[in-house]
Amino acid sequence: MKKSLKARNNDIANTSRQLEILSKGIFADGELPTFAAKISTTNQFPLRPKKLEVLQINLGYMCNQVCEHCHVDAGPDRKEIMTRETMQQCLEVIKKTEAHTLDLTGGAPEMNPNFKWFVEEASKAGIKDFIVRSNLTIIRANKKYYDLPQFFKKYNIHVVSSMPHWTRGKTDKQRGEGVFDKSIKALRELNAVGYGIEGSSLKLDLVYNPSGAFLPGDQMGLERDFKKALKEDFNIDFHNLFAITNLPISRFLDYLIASENYEDYMYALVDAYNPAAVENVMCTNTISVSWDGWLYDCDFNQMLNLKVASKVKHIANYNEELLQNRNIIINQHCYGCTAGAGSSCQGTVA
């Protein structure tokens with residue numbers, strides 16, 4: 001299995017190197033406007049938070065897959081994982097925050113040994129709207145995960161699953177050999193307990209990321225194609241498809257540079273800039289918590305180590321009032337969330 005950028009000592013694994021690439025070249029010489037300059041032209045600078053609705057918690061970078069486009073640079077060799085002590089600090093915040101959604105991500109969040117305990121405790125603390133971002137194959141990775149569909153059902157967890165394509169070739173190319181077949185098995189198991197069925201409250205959504213240096217197509221059109229193909233070929237049902245733009249960070253940035261597509265891709269993002277998408281980007285209603293408890297405006301900023309611009313920077317010192325009175329940290333990668341119909345962890349935003 002391939003290793004993460006970090007395990008390979010790849011230069012791009014260094015967040016300061018990524019930020020250097022995003023700040024120099026075509027942006028430093030004025031060939032393209034910086035994101036701050038761009039949103040200033042539409043009177044949207046500085047970007048400010050709205051009412052907090054989502055607490056997104058990264059339970060660790062460990063994953064059973066090493067996907068080509070992964071902005072987390074997750075993999076089996078990543079050992080960063082949230083401790084129960086940090087989870088307890090998160091639970092104290094959950095008890096008093098007005099945020100209504102707990103969004104658990106990774107890596108593969110299910111690989112955290114305290115994953116089930118945390119969900120159970122968060123449920124006791126009053127969380128009703130759970131999201132788990134699952135890569136699907138984790139359900140078939142080991143016997144200890146075989147009961148995940150039933151566990152998800154017990155807590156009415158909204159499962160958001162990665163699925164690059166409805167064909168084996170394109171999926172395995174992006175995510176690794178055998179991933180497609182395991183994903184199909186996992187989807188069938190989720191369907192079997194009631195997930196994704198029309199009229200069911202057990203929400204099952206899929207996530208599509210483009211496999212190359214291009215922007216996603218129309219989300220509704222992609223959803224129709226996915227539903228038709230998965231139903232006809234495998235009798236699989238799901239609710240919605242989210243089309244997410246790949247941001248130029250981590251492994252995807254490494255791919256762009258290696259394939260000599262970086263500048264063309266950044267031009268495509270800037271050309272597709274949509275001020276209407278800026279209004280609803282996920283950083284405006286979300287706080288992202290890293291595996292070690294640091295606070296970020298979004299999951300992407302977390303991966304660039306761009307902590308919140310606030311006196312409060314760690315979950316242990318959480319103060320929602322202070323956090324709401326901050327400017328959101330932005331950089332050129334933010335063009336990915338504001339291109340075309342926009343992009344967030346819930347798909348298009350405009």
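Structure shown above.
Residues numbered from 1 in each chain as written. Predicted model: local features only at pLDDT ≥ 70, side-chain atom pairs only at ≥ 80, totals over all residues. Heavy atoms only, no water.

Draft legend 1. Just the overall build of the protein chain, in detail. When helices and strands are tallied, the protein chain shows 13 helices and 8 strands. On C-alpha atoms alone, the protein chain measures out to a radius of gyration of 19 Å, which is about the 20 Å that the 2.2 N^0.38 rule sets for 350 residues. If you line up the protein chain on its principal axes, its C-alpha atoms span 55 × 45 × 40 Å. Counting over 350 residues, the protein chain shows a buried share of 56%. Residue pairs at least 24 apart in sequence account for 74% of intrachain contacts in the protein chain once pairs closer than 6 positions are excluded. Accessible surface computed for the protein chain: about 14800 Å², of which carbon and sulfur atoms make up 49%. (Helix = DSSP H or I, 4+ residues; strand = E, 2+ residues; numbered from the N terminus. Rg over C-alpha atoms; globule rule 2.2 N^0.38 Å. Buried < 20%, exposed > 50% of the residue type's maximum accessible area, 1.4 Å probe, protein only. Contact = heavy atoms within 4.5 Å. Areas by Shrake-Rupley, 256 points an atom, 1.4 Å probe, with all protein chains shown as cover.)

Draft legend 2. Structural context of the packing of helix α3 (residues 84–96) against helix α4 (residues 115–124). Following both chains from N to C, one finds α3 and α4 inclined at 20 degrees, their axes separated by 10 Å at the closest point. Between α3 and α4, the crossing angle belongs to the class labelled roughly parallel. Here the hand of the crossing between α3 and α4 comes out right-handed. Along the contact surface, α3 presents R84, M87, Q88, C90, L91 and I94, while α4 presents F115, W117, F118, E121 and A122. Taken together, the residues of the contact of α3 with α4 break down into 8 nonpolar, 1 polar and 2 charged. (Axes fitted to C-alpha atoms, helices over the stretch in contact; angles between N-to-C directions. Parallel < 35°, antiparallel > 145°, perpendicular 65-115°, else oblique. Left-handed = near helix turned anticlockwise from the far one by under 90°. Nonpolar A, V, L, I, M, F, W, Y, C, P; charged D, E, K, R; others polar.)

Draft legend 3. Quick look at the nonpolar core. In terms of nonpolar packing, the biggest core is built from 105 residues, with I57, L102, F118, F152 and I157 touching the most fellow members. Ignoring any residue separated from it by four or fewer positions in sequence, one finds F152 in contact with E110, F115, V132, I139, I157, V159, L190 and Y195. Residues I131, V160, V207 and I244 belong to the second largest nonpolar core, which totals 5 residues. (Core = buried A, V, L, I, M, F, W, Y, C linked by side-chain atoms within 4.5 Å.)

Draft legend 4. Region of the structure containing a negative patch on the surface. A cluster of acidic residues, D29, E31, E263 and D264, forms a negative patch at the surface. With respect to the helices, strands and loops of the structure, D264 is situated in helix α10 (residues 262–271). Among the residues examined, D264 registers a relative accessible area of 54% and is labelled exposed. (Patch = residues over 30% accessible without salt bridge, like charges linked within 9 Å, V, L, I, M, F, W, Y side chains within 5 Å. Salt bridge = Lys/Arg side-chain N within 4 Å of Asp/Glu carboxyl O. Lys, Arg positive; Asp, Glu negative; His and termini not counted. Charge placed at Lys NZ, Arg CZ, Asp CG, Glu CD.)

Draft legend 5. Structural view of the pattern of salt bridges. Counting across every chain of the model gives 19 salt bridges. Taking the shortest distance from any N to any O, the salt bridge between D147 and K116 comes out at 2.7 Å. Residue D147 is found in the loop between β3 (129–134) and α5 (148–154), and its partner K116 is found in helix α4; the two are separated by 31 residues along the sequence.

Draft legend 6. The pairing of β3, seen in detail. Most of β3 is tucked away: 5 of the 6 residues are buried. As judged from the 4 bridges shared by strand β2 (residues 101–105) and β3, these two strands associate in the parallel manner. Residue pairing across strands places L104 opposite V132, the latter belonging to β3. Taken together, β2, α4 and β3 form a β-α-β motif whose crossover is right-handed. Where β3 lies against strand β4 (residues 158–162), 4 bridges are found, and the strand directions are parallel. When the sheet's bridge partners are listed, R133 is paired in β4 with V160. Considered for its hand, the β-α-β crossover made up of β3, α5 and β4 is right-handed. (Pairing = 2+ DSSP bridges. Right-handed = clockwise from strand over helix to strand, strands pointing away.)

Draft legend 7. Structural detail: helix α7 (residues 179–192). A rise of 1.5 Å per residue sets the reference length of α7, with its 14 residues, at 20 Å; its end C-alpha atoms lie 20 Å apart and thus fit the reference within 8%. In the core, the buried residues of α7 are packed alongside α5, β4, α6 (168–175), β5 (204–208) and α8 (219–234). One or two residues past the end of α7 sits G194, with phi positive at roughly 110 degrees. (Expected span 1.5 Å × (residues − 1).)

Draft legend 8. Region of the structure containing empty space enclosed by the protein. Tallying each qualifying case throughout the model produces 3 cavities of 30 Å³ or more. When its volume is computed, the largest cavity comes out at roughly 560 Å³. Lining the largest cavity are 30 residues; nearest its centre among them are H69, H71, V72, S162 and R175. Broken down by secondary-structure element, the contributors of at least two residues to the lining of the largest cavity are β3, β4, α9 (250–258) and α12 (299–303). Ranked by residues supplied to the lining of the largest cavity, first place goes to β4 with 3 residues. Looking at the lining of the largest cavity residue by residue, the classes come out as 13 nonpolar, 13 polar and 4 charged. The computed volume of the second largest cavity comes to approximately 140 Å³. Forming the walls of the second largest cavity are 17 residues, and the residues nearest its centre are V281, C283, C298, C334 and C337. Taken together, the residues of the lining of the second largest cavity sort by class into 13 nonpolar, 3 polar and 1 charged. (1 Å grid on protein atoms, 1.4 Å probe; cavity = no way out; pocket = protein on both sides within 12 Å on 5 of 7 lines; lining within 4 Å. Points joined across faces, edges and corners; volume = space filled by probe spheres on them.)

Draft legend 9. Representation of the packing of aromatic side chains within the structure. Scanning all chains against the criterion turns up 11 aromatic pairs. Centroid distance F115 to F151: 6.0 Å. Interplanar angle 55 degrees. Geometry classified as tilted. In this pair, F115 is assigned in helix α4 and F151 in helix α5, connecting sequence segments 36 residues apart. For F115, a relative accessible area of 1% puts it in the buried group. In this structure F151 comes out as buried when scored by relative accessible area, which is 9%. For the ring pair F151 and Y155, a centre distance of 5.1 Å and an interplane angle of 50 degrees mean the geometry is tilted. In this pair, the class of F151 matches that of Y155, namely buried. (Phe/Tyr/Trp six-rings, centres within 6.5 Å; stacked < 30°, edge-to-face > 60°.)

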